[in-house]
Amino acid sequence: MVREARRGDLDAVLELYLSLHETSVPEHSAHLAAAWEQILSDENHHLIVNEVGGKLVSSCVCVVIPNLTRNVRPYAFVENVVTHSDHRGKGYATQCLDYARAVAERQNCYKMMLLTGSKEQKTLDFYAHAGYNCADKTAFIQWL
């Protein structure tokens, strides 16, 4: 079942992120609690999860960003696309991305953007199959 994250999902989301690029789960702290609350309460921040058999197996984040161009239409940014390594290849991430697209369409976004650090052709093909292309824009990253 694809849905937006709820308060009780924090630990499961953090566990799932171990299949993304994290190497450990952060300790519960006031800082973590405040970040979680900010994510949950922000109407433009959509932490999308896919739950199968009571376990979160896939997720992505879709943030809708207000904009003054393109007839004052917002755009959406997709990040942290992940599927637990035991559940890959079953369409769960595609379902999350489809949910993100529905969010963007409901909010009248004119485009969606997604960045990946992966160089694996299988991953790049997955994003292309999901409707994203790497020809229209060039991304630059500045790490802080």
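Refer to the structure printed above.
Residues numbered from 1 in each chain as written. Predicted model: local features only at pLDDT ≥ 70, side-chain atom pairs only at ≥ 80, totals over all residues. Heavy atoms only, no water.

Asks: I tried to follow the nonpolar core on my own but got confused; where do I start?
Replies: Nonpolar side chains tend to gather and get buried jointly when the protein is soluble and globular. Residues Cys 60, Val 78, Val 81 and Leu 97 are the most contacted members of the largest nonpolar core, which totals 18 residues. Contributions of two or more residues to this core are made by β3 (55-65), β4 (75-83), α3 (92-106) and β5 (112-114). Here this core gets 6 residues from one element, more than from any other, and that element is α3. Excluding its chain neighbours within four sequence positions, the residues that come into contact with Val 81 are Leu 20, Ser 59, Cys 60, Ala 93, Leu 97, Leu 114 and Tyr 127. Ranked by size, the runner-up nonpolar core spans 13 residues in total, among them Trp 36, Leu 47, Val 61 and Val 82. (Core = buried A, V, L, I, M, F, W, Y, C linked by side-chain atoms within 4.5 Å. Buried < 20%, exposed > 50% of the residue type's maximum accessible area, 1.4 Å probe, protein only. Helix = DSSP H or I, 4+ residues; strand = E, 2+ residues; numbered from the N terminus. Contact = heavy atoms within 4.5 Å.)

Asks: Sorry if this is basic, but what is going on with the packing of aromatic side chains here?
Replies: Two measures describe an aromatic ring pair: the distance that separates the ring centres and the angle between the ring planes. One pass over the full model with this rule turns up 2 aromatic pairs. If you follow Lys 111 out to its NZ or CZ, it ends over the ring of Tyr 75, 5.6 Å from the centre. (Phe/Tyr/Trp six-rings, centres within 6.5 Å; stacked < 30°, edge-to-face > 60°. Lys NZ or Arg CZ within 6 Å of the ring centre and 35° of its normal.)

Asks: Which parts of the structure should I look at to understand the pairing of β3?
Replies: It is a general feature of regular strands that their side chains alternate between the two faces of the sheet. For β3, a buried count of 8 out of 11 residues is recorded, marking the element as mostly surrounded by other parts of the structure. Pairing of strand β2 (residues 45-52) with β3 involves 8 bridges; the strand directions are antiparallel. Counted as the bridge partner of His 45 is Val 63 from β3. Between β2 and β3, which pair antiparallel in sequence order, lie 2 residues; one of them, Gly 53, sits at a positive phi of approximately 60 degrees. With 7 bridges joining them, β3 and β4 adopt antiparallel strand pairing. Bridge pairing in β4 places Ser 58 opposite Thr 83. (Pairing = 2+ DSSP bridges.)

Asks: Quick question: what am I supposed to make of the pattern of salt bridges here?
Replies: Oppositely charged side chains may form a pair once their charged atoms are brought near each other. Taken as a whole and judged by the stated rule, the model has 5 salt bridges. Across the salt bridge formed by Arg 6 and Glu 51, the nearest N and O atoms sit 3.8 Å from each other. Linking Arg 6 in the loop between β1 (2-4) and α1 (10-16) with Glu 51 in strand β2, this pair joins segments that are 45 residues apart in sequence. Taking relative accessible area as the criterion, Arg 6 reaches 45% and is therefore assigned partly exposed. Here Glu 105 ties to Arg 101 by a salt bridge, and the two come within 3.0 Å at their closest N and O atoms. Of this pair, Glu 105 and Arg 101 both sit in helix α3, 4 residues apart, roughly one helical turn. Look at Arg 101 and you get partly exposed, because its relative accessible area is 46%. It is possible to trace a salt-bridge network through shared partners that takes in Arg 3, Arg 6, Asp 9 and Glu 51. (Salt bridge = Lys/Arg side-chain N within 4 Å of Asp/Glu carboxyl O.)

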